[in-house]
Amino acid sequence: MMFASALGVFVAVGLISIVFIFTIIGIASSINSTPDYSPKSNTVYKLTLDGSLSDNTEENPLAMLMGETEKALSLKDILSTIQTAKENKNISGIYIEAKSLSAGSASLEAIRRALTDFKESGKFVIAYSDNYNQGCYYLCSVADKVFLNPQGTLGLVGMASQTMFYKELLKKVGVDMMIFKVGTYKGAVEPFMLDKLSDANREQIQSYMSTIWDNVTSGIAESRNISTEDINNFANLGYAFASAEKTVECKLVDELKYRPEAEEYVKGLAGQSNKRLQTADITKIKSIKTINREKADRIAILYAEGEIKPEVSSSPYNVEQAITEKVATELIKLKNDDNIKAVVFRVNSPGGSAFVSEQIWRQVIELKKVKPIVVSMGDVAASGGYYISCAASKIIAEPNTLTGSIGIFGIFPNVTGLFNKLSLTTDIVKTNAYADLGDMSRPMREDEKVLIQSFVERGYETFLARCADGRGMSKEAINEIGQGRVWTGEQAKERGLVDELGGINKAIETAASLADLSDYSLTYVSGTKDFWKEFIEKQLGEVKVSIVKSVLGDEYEYFKNLSNIKTTTGVQARLPYDVKPL
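Residues numbered from 1 in each chain as written. Predicted model: local features only at pLDDT ≥ 70, side-chain atom pairs only at ≥ 80, totals over all residues. Heavy atoms only, no water.

Draft legend 1. Structural context of the overall build of the protein. Per the secondary structure count, the protein includes 21 helices and 21 strands. By the burial criterion, 49% of the 582 residues in the protein qualify as buried. Excluding contacts between residues fewer than 6 apart, the proportion of contacts in the protein whose partners are at least 24 apart in sequence is 76%. A total of about 28,300 Å² of accessible surface is found on the protein, and carbon and sulfur atoms cover 54% of it. (Helix = DSSP H or I, 4+ residues; strand = E, 2+ residues; numbered from the N terminus. Buried < 20%, exposed > 50% of the residue type's maximum accessible area, 1.4 Å probe, protein only. Contact = heavy atoms within 4.5 Å. Areas by Shrake-Rupley, 256 points an atom, 1.4 Å probe, with all protein chains shown as cover.)

Draft legend 2. Expanded view of the pattern of salt bridges. Per the stated rule, a full pass over the model turns up 31 salt bridges. For the salt bridge of Asp 447 with Arg 445, the shortest nitrogen-to-oxygen distance reads 3.1 Å. Salt bridges sharing common partners tie together Lys 430, Asp 436, Arg 442, Arg 445, Asp 447 and Glu 448. (Salt bridge = Lys/Arg side-chain N within 4 Å of Asp/Glu carboxyl O.)

Draft legend 3. Expanded view of the packing of helix H7 (residues 199–224) against helix H8 (residues 228–236). The contact between H7 and H8 brings their axes to 8 Å, and the two run at 115 degrees. Regarding the angle of H7 to H8, the classification is roughly perpendicular. Relative to H8, the crossing made by H7 is right-handed. Where H7 abuts H8, its residues Trp 213, Thr 217, Ser 218, Ile 220 and Ala 221 lie against Thr 228, Ile 231 and Asn 232. (Axes fitted to C-alpha atoms, helices over the stretch in contact; angles between N-to-C directions. Parallel < 35°, antiparallel > 145°, perpendicular 65-115°, else oblique. Left-handed = near helix turned anticlockwise from the far one by under 90°.)

Draft legend 4. View of the side chain of Ser 376. With respect to the element layout, Ser 376 can be found in strand S14 (residues 373–382). Within the local environment of Ser 376, its side chain forms a polar contact with the side chain of Arg 346, the two groups lying 2.7 Å apart. Beyond its immediate sequence surroundings of up to four residues, Ser 376 is in contact with Val 344, Phe 345, Arg 346, Val 347, Ile 396, Gly 503, Ile 504 and Ala 507. (Polar contact = N/O pair within 3.5 Å; in protein donor to acceptor, adjacent residues only side chain to side chain.)

Draft legend 5. Spatial organisation of the state of the cysteines. Taken as a whole and assessed by the stated rule, the structure comprises 0 disulfides. Its sulfur unpaired, Cys 390 is 4.3 Å from the next cysteine sulfur, which belongs to Cys 467. Here Cys 390 falls in the buried class, since its relative accessible area comes to 0%. (Disulfide = S-S within 2.5 Å.)

Draft legend 6. Representation of the packing of helix H12 (residues 326–336) against helix H13 (residues 354–368) within the structure. One way to put it is that H12 packs onto H13 with a least axis distance of 8 Å and a crossing angle of 10 degrees. One finds that H12 runs roughly parallel with respect to H13. For the pair H12 and H13, contact is made by Val 327, Ala 328, Leu 331, Ile 332, Leu 334 and Lys 335 and by Gln 359, Ile 360, Gln 363, Val 364, Glu 366 and Leu 367, respectively. In terms of residue class, the contact of H12 with H13 is made up of 8 nonpolar, 2 polar and 2 charged. (Nonpolar A, V, L, I, M, F, W, Y, C, P; charged D, E, K, R; others polar.)

Draft legend 7. The arrangement of the environment of Ala 242 in detail. Structurally, Ala 242 can be placed in the loop between H8 and helix H9 (245–249). Ala 242 gets classed as partly exposed once you look at its relative accessible area, which sits at 27%. For the pair formed by Ala 242 and Leu 154, sequence separation is 88 residues and the distance between their alpha carbons is 9.0 Å.

Draft legend 8. Focus on the confidence of the model for the protein. In this model, the protein carries an average pLDDT of 86, and 80% of its residues clear a pLDDT of 70 or more. With pLDDT under 50 throughout, residues 314–318 is counted as low confidence; its partners more than four residues away or in other chains account for 14 contacts. Between residues 536–545, whose pLDDT stays under 50, and residues either more than four places distant or in other chains, the model counts 21 contacts. (pLDDT = per-residue confidence, 0-100.)

Draft legend 9. Broad picture of H7. If you check H7, its first and last C-alpha atoms are 37 Å apart, about what 26 residues at 1.5 Å a residue would give, namely 38 Å. Just downstream of H7 lies Asn 225, where phi reads positive at about 60 degrees. (Expected span 1.5 Å × (residues − 1).)

Draft legend 10. Inspection of the packing of aromatic side chains at higher detail. In this structure the tally under the stated criterion is 7 aromatic pairs. Aromatic side chains Phe 180 and Phe 412 sit 5.9 Å apart centroid to centroid with 85 degrees between the ring planes, which places their arrangement in the edge-to-face category. Here the residue Phe 180 occupies a position in strand S6 (residues 176–182), and Phe 412 occupies one in strand S17 (residues 408–414), the gap between them amounting to 232 residues. Residue classification places Phe 180 among the buried residues on the basis of a relative accessible area of 4%. Ring geometry for Phe 234 and Tyr 239: centres 5.8 Å apart, planes at 75 degrees, overall edge-to-face. A cation over an aromatic ring shows up here: Lys 257 above the ring of Phe 147, its NZ or CZ 5.4 Å from the ring centre. Positioned over the ring face of Tyr 185 is Arg 485, at 5.0 Å from the centre of the ring. (Phe/Tyr/Trp six-rings, centres within 6.5 Å; stacked < 30°, edge-to-face > 60°. Lys NZ or Arg CZ within 6 Å of the ring centre and 35° of its normal.)

Draft legend 11. Main features of helix H3 (residues 105–119). Along its 15 residues, H3 runs 21 Å from first to last C-alpha, staying within 8% of the 21 Å computed at 1.5 Å per residue. In terms of burial, H3 is largely enclosed, as 11 of its 15 residues are buried. Listing the buried residues of H3 in full gives Ser 105, Ala 106, Ser 107, Leu 108, Glu 109, Ala 110, Ile 111, Arg 112, Ala 114, Leu 115 and Phe 118.

Draft legend 12. View of the side chain of Thr 510. Mapped onto the fold, Thr 510 is located in helix H19 (residues 504–514). The exposure class assigned to Thr 510 is buried, which follows from its relative accessible area of 11%. Not counting chain neighbours up to four residues away, the residues in contact with Thr 510 comprise Val 374, Lys 394, Ile 396 and Glu 500.

Draft legend 13. Quick peek at the environment of Asp 499. Structurally, the position occupied by Asp 499 is in the loop between helix H18 (489–494) and strand S19 (500–501). Accessibility expressed as a relative area gives 24% for Asp 499, which makes it partly exposed. Linking Asp 499 and Gly 489, residues 10 residues apart in sequence, is a C-alpha distance of 9.7 Å. Setting aside chain neighbours within four positions, we find Asp 499 in contact with Ser 393, Lys 394, Ile 395, Arg 471 and Lys 493. A distance of 3.0 Å separates a polar atom in the side chain of Asp 499 from a polar atom in the side chain of Arg 471.

Draft legend 14. Molecular detail of unusual backbone geometry. In this structure, Ser 383 is a non-glycine residue whose phi angle is positive, near 55 degrees. Relative to the assigned elements, Ser 383 resides in the loop between S14 and helix H14 (384–387). We classify Ser 383 as buried; its relative accessible area is 0%. For Asp 516, which is not glycine, the phi torsion reads 60 degrees and is therefore positive. Relative to the helices and strands, Asp 516 is located in the loop between H19 and strand S20 (521–526). Judged by relative accessible area, Asp 516 falls into the exposed class, the value being 71%.

Draft legend 15. Quick look at the environment of Ile 481. Residue position: Ile 481 is located in helix H17 (residues 475–481). For Ile 481 and Arg 495, which are 14 residues apart along the polypeptide, the C-alpha to C-alpha distance reads 7.5 Å. Setting aside anything within four residues of it in sequence, one finds Ile 481 in contact with Met 473, Trp 487, Arg 495 and Leu 497.

Structural data, given as structure tokens:
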């Protein structure tokens, strides 16, 4: 009876699993087989800015079933749908409804540039929000009319960066972090060794933040026909907390309207006579059938997004994208594909594993021997993200891209104090002098520290050599602008770390020019794992994540960071900050 019961449970679980997988496949298939959409005359493209934005996302068919409210938006989809709306004669204009978009300033700049191009077709762009956050307003300020709810707010307050320091906390629990790094500005290790920012780190943060903020205020000032001083006064006087009328008085908003009134205004501009505003969302615009004849000559766009990590079993609590050696494998495939005449390598990464970065760098070198490869930098392409970019034929960055951070580090914890507090002891038997190097239960010997520091310095020398070779500069010149310092794309261009400023379209044009192509088609390639393997892992992970999020609430982000630390191994070439949206 026990055997029969166990067998029954086993069969039942197997059948449920099979049904579950086929259900997922069915849902995914239904999403991917969206019927072609033909907009009626005078339709308005309603672009809702809500959720998190990344370069290239995949639909999550279980998000709604799991109660996931945060939407995932794709920069690739937004840019392509704006272009489609511009070219389609039945789309009269774009109505932006700004909610709570989480996006980097470089991505916002790319969308803003696309909207400016859209307006050149003679079609309108209207923006409305109940409450504008800073990033959404920067994007929406390019609109012909900017409307705000009469009870709404405009959150122009400026930029700030906060760093949390753990030195004294670790000291209290008996943990001593041994730091090995190269780079005066490599601030990733400062929280473990200081109790406030070093002067060098403070200098670089102030420098890149000021540059980004100057670009943001200049863009708003030009669009709104006001001065940057007016915008800074709005922020410095705390008008973000004043009544909505102050936004109109300061010429940042055209009129105060409730949503129905804003939609009525858009309906009039579009020439619609229906009772309700006739709109098409991003999903419908994506499904508009366009004539894209496949050309023999193709340019591949390879996406590399997230931290650079070894290929390890993914944590069920982290379903974010990561860059692994799969990217190197894809580069090899693209090199050997004779129909691919050039590659655009889209990099959006704060860096990570120095070893994995080296493997990807190598395949960039090998591909460049055969065909052009142009890097397009997203919100961030720093440290390891710059490592995998530096060998490209050309590098294109957004003005507000964070890049550089040429430096590496390693951290070893010594938990002797904690063991003493817990009355724990250890003993070891070994065959050779360094067999127990890295043992956390004892302080590291001086000769061991020398070995680790020399290993890190050798890694930095390799990093410098890669950058020098790729950029056609001397190691000494790279070292002067290296030292772990973070630069904006604009600053990086001045120092020779990037070639031109622009978005992914600029990178595509550059790649076509280098390959001497006038007629070509685009092929999109993901540098992630096998689709179905990743898809199933991600959906099962989403189930676990939803449960953990519901329990931990706002503390989930700290839990996720701790989970990431567990999978972080080897010497790191990583940006010293987690960059928050504008």
